[in-house]
Amino acid sequence: MRTFRLVIACPDRVGIVAKVSNFLASHNGWITEASHHSDNLSGWFFMRHEIRADSLPFGIEAFREAFAPIAEEFSMDWRITDTEQKKRVVLMASRESHCLADLLHRWHSDELDCEIACVISNHDDLRSMVEWHGIPYYHVPVNPQNKEPAFAEVSRLVKQHEAEVVVLARYMQILPPELCREYAHKVINIHHSFLPSFVGAKPYHQASMRGVKLIGATCHYVTEELDAGPIIEQDVVRVSHSDSIEDMVRFGRDVEKMVLARGLRYHLEDRVLVHGNKTVVF
């Protein structure tokens, strides 16, 4: 069913829900899902509504025009999206395939409602898997001594394919600050939970030697500060002394791909609202 997704963040005050609900009711808008959150610490209010598109007398542009006075009255940071317009996604990967393969499978199985425009990688290892899905694959090598040309090409490809979201599916390069700023809250990354305790090579080996009992992963938006952007989703699995290093690596890969897929899905469904360096996920 085609819906419009109305997402709002604004300073909290009396009457916000009533005003929005009255607006929708006055136009016979049929709300199929409604979520609200009032953050007492920041004094901000967050809202997400899904409205049946066929219940409204106008399209999305007319909706924007009609709703604009209310948005101005309440100083709203808001957006309205149409589920009929699938978001365009660019995936980026290096050599590890588990996150990329999982996202491609979910897309192929219609679990992710999006268009995958292309895959960009600094290695050529995953080309055959990607092209089997009929998706363009771009090999953009990164010279450690001069990374600027490679990221200029990455930026060009992202623009060329009109990406609305970029997903780092175990892409093992640090994006330059200007790219992070240009696509703020539009680049999604994943990292394991061993940071910052076990940095560098072989974190699972380091963790095993310390006898860790939990392995987890964090899905977050990319910012200029490495692995410190607003968190979208997290999860953990328990491990014990009887689990080998190979077991722990397998568990870690499983939780990474699950958390990344959920985080991307939340983003695609307009469920993530960013305020400062914190998220509200409906």
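Residues numbered from 1 in each chain as written. Predicted model: local features only at pLDDT ≥ 70, side-chain atom pairs only at ≥ 80, totals over all residues. Heavy atoms only, no water.

We now examine the packing of helix H7 (residues 203-210) against helix H8 (residues 245-268). Here H7 crosses H8 at 120 degrees, and the two axes come no closer than 10 Å. By the angle between their directions, the pair H7 and H8 is classed as oblique. Crossing geometry of H7 relative to H8 is assigned as right-handed. Every residue of H8 that contacts H7 at Tyr204, His205, Ala207 and Ser208 is listed here: Ile245, Met248, Val249, Gly252, Arg253 and Glu256. Tallied by class, residues from the contact of H7 with H8 come to 5 nonpolar, 3 polar and 2 charged. (Axes fitted to C-alpha atoms, helices over the stretch in contact; angles between N-to-C directions. Helix = DSSP H or I, 4+ residues; strand = E, 2+ residues; numbered from the N terminus. Parallel < 35°, antiparallel > 145°, perpendicular 65-115°, else oblique. Left-handed = near helix turned anticlockwise from the far one by under 90°. Contact = heavy atoms within 4.5 Å. Nonpolar A, V, L, I, M, F, W, Y, C, P; charged D, E, K, R; others polar.)

Another aspect to go through is unusual backbone geometry. Phi at Asp227 is positive, roughly 55 degrees, even though this residue is not glycine. Mapped onto the fold, Asp227 is located in the loop between strand E10 (214-221) and strand E11 (231-238).

For the rest of this paragraph, the subject is the sheet that holds strand E6 (residues 114-121). Strand order in the open sheet formed by 7 strands is E7-E6-E5-E8-E9-E10-E11, and the pairing between neighbours is mixed. Each edge of the sheet is formed by a strand with only one pairing partner; in this case those strands are strand E7 (137-139) and E11. Averaged over all neighbouring strand pairs, the angle between strand axes comes to 20 degrees, with direction disregarded. Here strand E5 (residues 87-93) runs beside strand E8 (residues 165-168); their pairing, made up of 4 bridges, is parallel. Residue pairing across strands places Val89 opposite Val165, the latter belonging to E8. (Pairing = 2+ DSSP bridges.)

Turning to the UniProt feature "domain: ACT" (unreviewed entry) in the protein, a few remarks are in order. Feature annotation in UniProt assigns "domain: ACT" (unreviewed entry) to the following positions: residues 5-85. Annotated as residues 5-85, this span is 31% helix and 38% strand, and its ends, taken at the C-alpha atoms, are 11 Å apart. (UniProt positions renumbered as here; feature names shortened; annotations may be inferred.)

Counting residues in hydrophobic clusters, the biggest one holds 39 residues, and the most contacted among them are Leu91, Leu100, Leu103, Val167, Ile188 and Leu260. Elements with a contribution of two residues or more to this core: E5, helix H3 (98-108), E6, E8, strand E9 (187-192), H7, E10 and H8. Of all the elements, H8 adds the most residues to this core, at 7 residues. Beyond its immediate chain neighbours, meaning those up to four positions away, Val167 contacts Val89, Val90, Leu91, Met92, Leu103, Ile188, Leu260 and Leu264. (Core = buried A, V, L, I, M, F, W, Y, C linked by side-chain atoms within 4.5 Å. Buried < 20%, exposed > 50% of the residue type's maximum accessible area, 1.4 Å probe, protein only.)

Moving on, we come to the packing of helix H1 (residues 16-26) against helix H2 (residues 60-73). Their axes nearest at 11 Å, the elements H1 and H2 cross at an angle of 160 degrees. When the interaxial angle is binned, H1 and H2 end up roughly antiparallel. As for the relative orientation of H1 and H2, their crossing is right-handed in sense. From H1, Lys19, Val20, Phe23 and Leu24 reach across to H2, where they touch Phe63, Ala66, Phe67, Ile70 and Glu73. Considering only residue class, the contact of H1 with H2 consists of 7 nonpolar, no polar and 2 charged.

Overall, the coordinates contain 6 aromatic pairs when judged by the stated rule. Relative to Phe63, the ring of Phe4 lies with its centre 6.4 Å away and its plane at 80 degrees, an arrangement referred to as edge-to-face. Placement of Phe4 in strand E1 (residues 3-11) and of Phe63 in helix H2 is noted, with a sequence separation of 59 residues between them. Each of the two residues, Phe4 as well as Phe63, counts as buried. An angle of 85 degrees between the planes, with centres 5.5 Å apart, marks the rings of Phe23 and Phe63 as edge-to-face. Taken together, the residues Phe23 in helix H1 and Phe63 in helix H2 connect sequence positions 40 residues apart. Across the pair, exposure class does not vary: Phe23 and Phe63 are buried alike. Among the aromatic residues, those joined into a cluster by ring pairs are Phe4, Phe23, Phe58, Phe63, Phe67 and Trp78. (Phe/Tyr/Trp six-rings, centres within 6.5 Å; stacked < 30°, edge-to-face > 60°.)

A separate point is the sheet that holds strand E3 (residues 44-52). Each strand in a sheet pairs with its neighbour through backbone hydrogen bonds, running either in the same direction (parallel) or in the opposite one (antiparallel). Here 4 strands make up an open sheet; going across it, the order is E2-E3-E1-E4 and the pairing antiparallel. In this open sheet, the two edge strands, each paired with only one partner strand, are strand E2 (31-39) and strand E4 (77-82). Across this sheet, the average inter-strand angle for adjacent strands is 5 degrees, counted without regard to direction. Summarising the sheet, E1 and E3 pair through 9 bridges and their orientation is antiparallel. Pairing of Cys10 across the sheet is with Phe45, part of E3. Across the face of the sheet, H1 comes into contact with E1, E2 and E3 while running at roughly 15 degrees to E3. Strands E1 and E4 of the sheet are contacted by H2, whose axis makes an angle of about 165 degrees with E4.

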